[in-house]
Each structure stands twice: as structure tokens, then as C-alpha cells.
Amino acid sequence: LFFPGFRQDNGDYLCFFAFPYNLEVKDYSPQLFAIDLAGNIRSQELPVNRLNRTFRSDTITLSQGFLDAKAAEFGAMAPGEMTELERFLKVNGPIRKANSLALVRIGQTTAPEMLWKGAFLRLPRAASRAGFAEHRTYMWEGQAVDQQTHLGFDLASLKQAPVPAANSGNVIFSDYLGIYGKLVIIDHGLGLQSLYSHLSEIQVEQGQVVEKGQIIGKTGATGMAGGDHLHFGILIGGLEVT
């Protein structure tokens, strides 16, 4: 993973970088790179205070009703002859991985300056339903059939609740993306972005400038969602973080 630095007006470079959720403290060793005008590269290990962290685990029991409800949507993502369970595993595995790589690609498009102001907004009057980096075990007929990591925060409000932009920025993605369903990503500059997925309706377009609090869509259950809610994420360079 590469997190670029951005030159500021005073000549300094500013860089936000992440402690990836899937790295242990002993394996986290960020490197600082600099390239001069002649193309020479210098690097050194960046001294950081490595704080250990723990994430929750959860068990999700798949139901026939869920697979039936998602049959058409999953069929469009993973066409071909297979059982409903096999299709779910393909969507939840290879397609999930491809979607994560797409977020990293999208995350490279960012403004070189700070576009946000003040604290970020949360979905109003919403209850937390799932947290960041929860390890999920999926059960089918009493057997564990898959394991994945949930990135971001699930927030549940009223059905099709209006979703405000957490802060000001530029819409860099406004479309359907696999497990995320109808998805909006806002760039706030310097590699910092916010993600809003499972929407039932998108009300902004790619390239549009939005202000903090502006309604960008409505909560829903598109993608890998069993009920109406907002999957909200904060990303650094396309990698979801707390």
C-alpha cells in the first residue's frame, strides 16, 4: 500500500497513512520514501508508536429467505450455473476482494489540499449495528461456510432515510459496485475519503462538489445487505480505517 504525500504552501509535505487492519503490530513497519529531481530514491523506516488493537467477532446465519431475496442481484454479479449458496460464496469472496481493490484504485483520485471543515457528521438518529474490522463467520445449515472481515460501520435509521455528506468534498464515485450496492464516495482531499453504501437511491453525480450535510442519497439494502441500513466508511488512500 502506498500513501502519497502532498506538498503544502509552506513547502512541507503532508501525508496521512494507515495502520492496515489486517497487520499485526510486529508486522507494521511503514517506510518513508523520497525521490529527488534526478530520480534518486531514499527511504527509511518511519518511527511510529505501534498501538495494538482488537476487533470483535460475529456469526451470521444465512437464511433461504436472504438468498432468495438476493437471487437476482447476486445473479447479475455472478452469472452462470451454480447453487444459490455457491453464488453467495462467489459474491462474498472473489467479488468482495475485487471490490476492495477497486476502492484502492478509486482512492488514488484525491485533491492535494484539505477540502473538509470541522468534525465529520454521522447519520442522524441511527443505531450502530456493526463495527469496524469485525471478523464474520457465515453459517449455513449449522456449518461454517465462509469467513470475511466487515470494514466500516453499519448504521440503521428509518427505512430509506436521507443520507448527509459527512463533510464537504468532491464526489469521485457514484454508481453500483458489487457487495457495496449503490455506492457514493466523497473525496475530502489529501487521500481522505468517505464511503456510503447499500443505498436505495443516489442523488449526486460523479464530479459534483458537495457541502457538509448535503443529502447524497437514501439508505437501502442493495449489495451485500439483508436489511435497510447505511454502511459508512472512512478511507485513507482507498483503505478503510477507523
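Here, every reference points to the structure presented above.
Owing to the predicted nature of the structure, the values given are computational and were not obtained by experimental measurement. By convention here, each chain's residues receive numbers from 1 onward along its written sequence. In keeping with the model being predicted, local features are shown solely for residues with a pLDDT of at least 70 and side-chain atom pairs are shown and tallied solely at 80 or more, while totals for entire chains, interfaces and linings include all residues. For the side-chain quantities, the full set of heavy atoms in the structure was used; hydrogens and water were omitted.

Colleague: Looking at this structure, how should I read the overall build of the chain?
Modeller: Helix and strand assignments follow DSSP, with helices taken as H or I runs no shorter than four residues and strands as E runs no shorter than two, numbered in order from the N terminus. Each helix and strand in the chain was counted, giving three helices and 18 strands. For the chain, the C-alpha radius of gyration of 19 Å lies close to 18 Å, the compact-globule estimate for 242 residues. Taken over the C-alpha atoms alone, the chain extends approximately 60 × 40 × 35 Å along its principal axes. For the chain, the residues scored as buried account for 43% of the 242 residues in total. Here a residue-residue contact requires only that any non-hydrogen atoms of the pair lie within 4.5 Å. Long-range contacts, defined here as pairs at least 24 residues apart, represent 62% of the contacts in the chain between residues at least 6 apart. As displayed, the chain offers around 13,100 Å² of accessible surface, 53% of which is attributable to carbon and sulfur atoms. The charged-residue count follows a simple rule in which Lys and Arg add positive charge and Asp and Glu add negative charge, with His and chain termini not counted at all. We put the charge of a Lys on NZ, of an Arg on CZ, of an Asp on CG and of a Glu on CD. One way to put it: in the chain the 21 positive side-chain charges average out to a point 4 Å from where the 24 negative ones average out. Restricting the calculation to C-alpha atoms gives the radius of gyration, and the globule rule supplies 2.2 Å times the number of residues raised to the power 0.38. Throughout this description, buried means an accessible area under 20% of the type-specific maximum (1.4 Å probe, protein chains only), exposed means over 50%, and partly exposed covers the range between. In short, Shrake-Rupley with a 1.4 Å probe defines the accessible areas, and a residue's cover is counted only from the protein chains shown.

Colleague: Help me understand the layout of surface pockets, please; the structure alone is not making it clear to me.
Modeller: Take a probe with the size of a water molecule and roll it over the atoms, and the empty space left behind shows itself. Using a 1 Å grid laid over the protein atoms alone, points where a 1.4 Å probe fits but cannot get out form a cavity; open sets with protein on both sides within 12 Å along at least 5 of 7 lines form a pocket; any residue with an atom within 4 Å of a point counts as lining. Grid points are joined across faces, edges and corners, and a volume is the space filled by probe spheres set on the points. Considering only enclosed or pocket space, the largest pocket measures out at about 760 Å³ in volume. Around the largest pocket, the lining comprises 23 residues; the ones closest to its centre are Phe2, Phe3, Gln31, Leu32 and Phe33. Of the volumes computed, that of the second largest pocket is approximately 630 Å³. As for the second largest pocket, its lining consists of 35 residues, of which Arg136, Tyr138, His150, Asp154 and Met224 are closest to the centre. Mapped by element, the contributors of at least two residues to the lining of the second largest pocket are strand S5 (57-61), helix H3 (84-106), strand S6 (127-130), strand S7 (134-140), strand S8 (143-150) and strand S9 (153-156). It is H3 that contributes the most residues to the lining of the second largest pocket, six residues altogether. Class assignment for the residues of the lining of the second largest pocket results in 13 nonpolar, 13 polar and nine charged. Amino acid classes used here: Ala, Val, Leu, Ile, Met, Phe, Trp, Tyr, Cys and Pro are nonpolar; Asp, Glu, Lys and Arg are charged; the rest, including Gly, are polar.

Colleague: For this particular structure, what's the right way to read the sheet that holds strand S14 (residues 201-202)?
Modeller: Across a sheet, paired strands are connected by hydrogen bonds in the backbone, their directions being either parallel or antiparallel. At least two DSSP bridges between two strands are required for those strands to pair. Judged by pairing direction, the sheet is antiparallel, and its three strands sit side by side in the order S10-S16-S14 without closing on themselves. The sheet is open, and its two edges are formed by strand S10 (162-164) and S14, each paired on a single side. Sheet topology places S14 next to strand S16 (residues 215-218); two bridges connect them, and they run antiparallel. From the neighbouring strand, glutamate 201 faces S16, where its bridge partner is lysine 218.

Colleague: Would you take a moment to explain a nonpolar patch on the surface for this structure?
Modeller: Patch membership is restricted to residues that have no salt bridge and whose relative accessible area is over 30%. Joining uses 9 Å for like charges and 5 Å for the nonpolar side chains Val, Leu, Ile, Met, Phe, Trp and Tyr. A side-chain nitrogen of Lys or Arg and a carboxyl oxygen of Asp or Glu constitute a salt bridge if their distance falls within 4 Å. Among the surface-exposed residues, Phe33, Ile35 and Ile41 lie close enough to one another that they form a single nonpolar patch of about 350 Å² accessible area. For phenylalanine 33, the location among the structural elements is in strand S3 (residues 31-35). Judged by its relative accessible area of 52%, phenylalanine 33 is exposed.

Colleague: Whenever I open this one, H3 confuses me. Can you help?
Modeller: Structurally, the α-helix is built with 3.6 residues per turn, so residues lying three or four positions apart point the same way. The span you would expect from a helix comes to 1.5 Å times its residue count less one. Look at H3: 30 Å from first C-alpha to last across 23 residues, which is about the 33 Å you get at 1.5 Å a residue. Fitting axes to the seven residues that end at a residue and to the seven that start at it, the angle between those axes gives the bend at that residue. Taking the largest bend as the criterion, H3 deviates by roughly 35 degrees, centred on isoleucine 95.

Colleague: What am I meant to see in the nonpolar core here?
Modeller: One recurring pattern in soluble globular proteins is that nonpolar side chains are buried together. We call a set of buried Ala, Val, Leu, Ile, Met, Phe, Trp, Tyr and Cys residues a nonpolar core when their side-chain atoms join them within 4.5 Å. Among the nonpolar cores identified, the biggest contains 26 residues, and Val163, Val184, Ile186, Tyr196, Ile216, Leu230 and Phe232 are the most heavily contacted of them. Listing elements by their share of this core, those giving two or more residues are strand S12 (182-187), strand S13 (192-199), strand S17 (230-236) and strand S18 (239-241). Here this core takes four residues from S17, the largest share from any one element. Setting aside chain neighbours within four positions, we find isoleucine 216 in contact with Val163, Ala165, Val184, Ile186, Tyr196, Glu201, Ile202, Gln203 and Val204. Formed by 25 residues, the second largest nonpolar core is a distinct cluster that contains Leu67, Val91, Ile179 and Ile185.

Colleague: Can you help me understand the pattern of salt bridges in this one?
Modeller: Where side chains of opposite charge bring their charged atoms close, a pairing between them can arise. Taken as a whole, this structure holds six salt bridges when the rule is applied. As a salt-bridge pair, lysine 26 and aspartate 27 come within 3.2 Å of each other at their nearest N and O atoms. The class of lysine 26 is exposed, set by a relative accessible area of 71%. The exposure class assigned to aspartate 27 is partly exposed, which follows from its relative accessible area of 41%.

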